[in-house]
Amino acid sequence: MFGLANPQKFMAFTRPLQPVLWLLAVGLLAVGTWLSFAAPADYQQGDTVRIMFVHAPAATMGLGAYAALGVASLFALIWRHPLADAAARAAALPGAAFTALALITGSLWGQPMWGTWWVWDARLTSVLVLFLFYLGYMALRASIDDEQKAGRAAAVLALVGLINLPIVKFSVDWWNTLHQPASLLRAGGSSLDPAYLWPLLTMMAAYGMLFGAIWVTAIRTEVTRRRVLSLRARAAMEA
Amino acid sequence: MKALTILWRRELALAWAGGGGPLLACGFFLTLTALVPLTVGGAPEALTPLSGGVAWLALALASTLSLERLFERDFEDGALDLIALGAAPLELVVVAKAKAQWLAVGVPLAFSAPVAAIALGLPAALAPLTVLTALIGSLGFALTGALGAALALGSKRGGLLIAVVVLPLYIPPVVFGSGALARAVDGADPWPAVALLGAYVLFAAVITPFAGAAAIRNAQG
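Residues numbered from 1 in each chain as written. Chains lettered and ligands numbered in written order. Predicted model: local features only at pLDDT ≥ 70, side-chain atom pairs only at ≥ 80, totals over all residues.

**Student:** Which parts of the structure should I look at to understand the overall build of chain A?
**Tutor:** Regarding its fold elements, chain A presents six helices and zero strands. Along its sequence from the N terminus, chain A presents helices and strands in the succession α-α-α-α-α-α. Within the span of chain A, comprising 239 residues, buried residues form 37% of the whole. Once local pairs closer than 6 in sequence are excluded, the contacts in chain A between residues at least 24 apart make up 77%. (Helix = DSSP H or I, 4+ residues; strand = E, 2+ residues; numbered from the N terminus. Buried ≥ 20, exposed ≤ 12 C-beta atoms within 10 Å, placed from the backbone. Contact = placed C-beta atoms within 7 Å.)

**Student:** Before we go on, may I ask you to explain the overall build of chain B in this structure?
**Tutor:** What chain B contains, in helices and strands, is 10 helices and zero strands. In terms of overall dimensions, chain B has C-alpha extents of about 55 × 35 × 30 Å along its principal axes. Across the 221 residues in chain B, those meeting the buried criterion constitute 52%. Across chain B, every contact between residues at least 6 apart in sequence was considered, and the portion connecting residues at least 24 apart equals 82%.

**Student:** What's the story with the interface of chain A and chain B in this structure? I'm lost.
**Tutor:** Every contact between the two is made by 24 residues of chain A and, on the other side, 25 residues of chain B. Contributions of two or more residues to the side of chain A that touches chain B are made by α4 (122-143) and α5 (147-179) of chain A. The element best represented in the side of chain A that touches chain B is α5 of chain A, accounting for 15 residues. The residue makeup of the side of chain A that touches chain B, split by class, is 18 nonpolar, four polar and two charged. (Nonpolar A, V, L, I, M, F, W, Y, C, P; charged D, E, K, R; others polar.)

**Student:** Honestly, helix α10 (residues 191-220) of chain B in this entry has me stumped. Any pointers?
**Tutor:** It helps to recall that an α-helix has 3.6 residues per turn; residues three or four apart then point in one direction. All names here are of chain B. With 30 residues, α10 extends 43 Å from end C-alpha to end C-alpha; this agrees with the ideal 44 Å at 1.5 Å per step. A bend of about 30° at Thr 208 is the largest found in α10, and the proline Pro 209 appears one to four places after it. One or two positions beyond α10, positive phi appears at Gly 221, with a value near 65°. (Expected span 1.5 Å × (residues − 1). Bend = angle between axes of the 7 residues up to and from the residue.)

**Student:** Could you clarify how one ought to interpret unusual backbone geometry in this entry?
**Tutor:** Only a minority of non-glycine residues have a phi that is not negative, and only a minority of peptide bonds are not trans. Backbone geometry places Arg 80 of chain A, a non-glycine residue, at a positive phi of 55°. With respect to the helices, strands and loops of the structure, Arg 80 of chain A is situated in the loop between α2 (51-78) and α3 (82-114).

**Student:** Explain the environment of Ala 205 of chain B here, please?
**Tutor:** Residues and elements named next belong to chain B. Looking at where Ala 205 falls in the secondary structure, it is placed in helix α10. On the neighbour-count criterion, Ala 205 (16 C-beta atoms within 10 Å) is partly exposed. Here the alpha-carbon distance between Ala 205 and Ser 178, two residues 27 residues apart in the chain, equals 21 Å.

**Student:** In this structure, what is going on with the nonpolar core? I would like to understand it.
**Tutor:** Nonpolar side chains tend toward joint burial in soluble globular proteins. The biggest cluster of nonpolar side chains holds 138 residues, and the ones touching the most others in it are Val 156 and Leu 157 of chain A together with Leu 59, Leu 109, Ala 150, Leu 151 and Ala 215 of chain B. Tallying contributions element by element places helix α6 (residues 90-119) of chain B first for this core, with 15 residues. Sequence-distant contacts of Ala 150 of chain B, defined by excluding residues within four places in its chain, comprise Phe 71, Val 94, Gly 212, Ala 215 and Ile 216 of chain B. (Core = buried A, V, L, I, M, F, W, Y, C linked by C-beta atoms within 7 Å.)

**Student:** For this particular structure, what's the right way to read helix α9 (residues 171-186) of chain B?
**Tutor:** Between its first and last C-alpha, α9 of chain B extends 22 Å over 16 residues, near the 22 Å set by a 1.5 Å rise per residue. Just downstream of α9 of chain B, Gly 187 of chain B is the residue with a positive phi angle, here 90°.

**Student:** So what exactly am I meant to see when it comes to the confidence of the model for chain B here?
**Tutor:** Should pLDDT be low for a region, the predicted coordinates there are not to be read in detail. Residue and element names in this part refer to chain B. Put simply, chain B has an average pLDDT of 88, and 99% of its residues get 70 or more. When mean pLDDT is compared element by element in chain B, helix α7 (residues 127-151) scores highest at 93, while helix α1 (residues 2-16) scores lowest at 82. Under the prediction, the complex receives an ipTM of 0.86, its pTM being 0.87. (pLDDT = per-residue confidence, 0-100.)

**Student:** What's the story with the packing of α6 of chain B against α10 of chain B in this structure? I'm lost.
**Tutor:** Relative placement of two packed helices is described by the angle separating their axes and the distance separating the axes. Residue and element names in this part refer to chain B. For the pair α6 and α10, interaxial distance at closest approach is 8 Å and the crossing angle is 110°. One way to sum up the angle between α6 and α10 is to call them roughly perpendicular. Judged by residue contacts, Leu 90, Glu 91, Val 94, Val 95 and Ala 98 of α6 engage Thr 208, Pro 209, Phe 210, Gly 212, Ala 213, Ile 216 and Arg 217 from α10. (Axes fitted to C-alpha atoms, helices over the stretch in contact; angles between N-to-C directions. Parallel < 35°, antiparallel > 145°, perpendicular 65-115°, else oblique.)

**Student:** I would appreciate a short explanation of the packing of α2 of chain A against α4 of chain A in the present structure.
**Tutor:** Residue and element names in this part refer to chain A. Look at α2 against α4: their axes get within 11 Å of each other, and the N-to-C directions meet at 40°. When the interaxial angle is binned, α2 and α4 end up oblique. Seen along the crossing, α2 lies across α4 with a hand that is left-handed. Here α2 contributes Ala 59, Gly 62, Leu 63 and Tyr 66 to the contact with α4, which in turn contributes Val 127, Leu 130 and Phe 133. Counted by class, the contact of α2 with α4 contains six nonpolar, one polar and no charged residues. (Left-handed = near helix turned anticlockwise from the far one by under 90°.)

**Student:** Would you take a moment to explain the environment of Pro 112 of chain A for this structure?
**Tutor:** Inspection of the secondary structure puts Pro 112 of chain A in helix α3. Linking Pro 112 of chain A and Thr 48 of chain A, residues 64 residues apart in sequence, is a C-alpha distance of 7.7 Å.

**Student:** Teacher, can you tell me more about the environment of Leu 132 of chain B here?
**Tutor:** Following the sequence through the fold, Leu 132 of chain B ends up in helix α7. Considered as a pair, Leu 132 of chain B and Pro 192 of chain B are 60 residues apart in the sequence and their alpha carbons are 14 Å apart.

**Student:** Hey, could you run me through the confidence of the model for chain A in this one?
**Tutor:** Residue and element names in this part refer to chain A. Looking at chain A as a whole, the pLDDT averages 85, with 92% of positions reaching at least 70. Mean pLDDT across the secondary structure elements of chain A bottoms out at α5, with 86, and peaks at α2, with 91. Across residues 182-189 the pLDDT falls below 50, and counting only partners more than four positions away or on other chains, this stretch makes two contacts in the model.

Spelled out as structure tokens, the structure:
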């Protein structure tokens, strides 16, 4: 794994990996979508249950991408690998997009099921805070001109966010039990029928592959971009 | 140690002087409070359940106000480079600055918090609890805020950026602080919430010095 910290080795390794990831992502997405529509309609929720297959994997990947961002930031801070910094930078936007997708689809699901677009439920609030963490990371990164300094400052913030995320989650859960909202989520709904489990698992795998494909492509683009920048700088020096 | 004491006095003097740091923060705090009944309606039965929460919201927002100047001023005129060269480790410098920020902004805000909360309908008997939780909470705001201010060093859009970075991190103290007041209003025991608030502040006191010093070193390059 540490051998991949060398940008050249990384580029050589991911050149064949990138199309494989994209193929897997597209294939699994196609199969998962087909399975999602083939699954029977829920006896209570009707066809809206299918939103779950888009919503749940997006929420999982939103959280997973933040973990990837945090770990990449840790590597970038400790070993000062430019590649780890590129990986952190590349994880932020897709992660924020997955989180936003989870929030939007959750809202669309909530409207027919709960009769409201948004409830201040602990889970919804936590995911919204996760989105705000992404926003802060990207805002900090974008507002410092020196790229190296921006990367380092953003890495510190990502790590602080990673440590704080469980605390925020705990405080939001505590706040939720304090307020005792009308329980809209059905209790015991977690035991999923196999008819729904398989499409869900396929979609989870598809989203995982999709994030992997986007991430690897973004890192490769970033490495190439930096190469172009340094080549340009060298050309300007020689001229 | 002597260097730190001198630095701390300097910070306190700077925070108090020049445009009245504490007065300005308290003015902002009370203006926010005054806007609440004007936006949601002045009926006491509607305001009383909101009073503790609104006071905490205003406290959190007012605490972010002067963060922009905390390091940026010294960073721009080179004083921060001199301080970094000095005897005191940068970690303790961050703590000294956060403590001065707390004394100059947080403590005055904590004492105006019950005024705002009671004006909105909080039972007057809860004033001591409001001051206590606001004192603890504003220390947490100052510590976490100092980290945000250190991270935003050298950026072009200080104030708003610090707010976007720092406010999500303010969620636990806001939840526990307003939760303590909400529990007290309901007649429940507020101390578990106060204890959790204290735990958050201790946690922030561990994270801020190291992360803040790392951010300053990075900005100085």
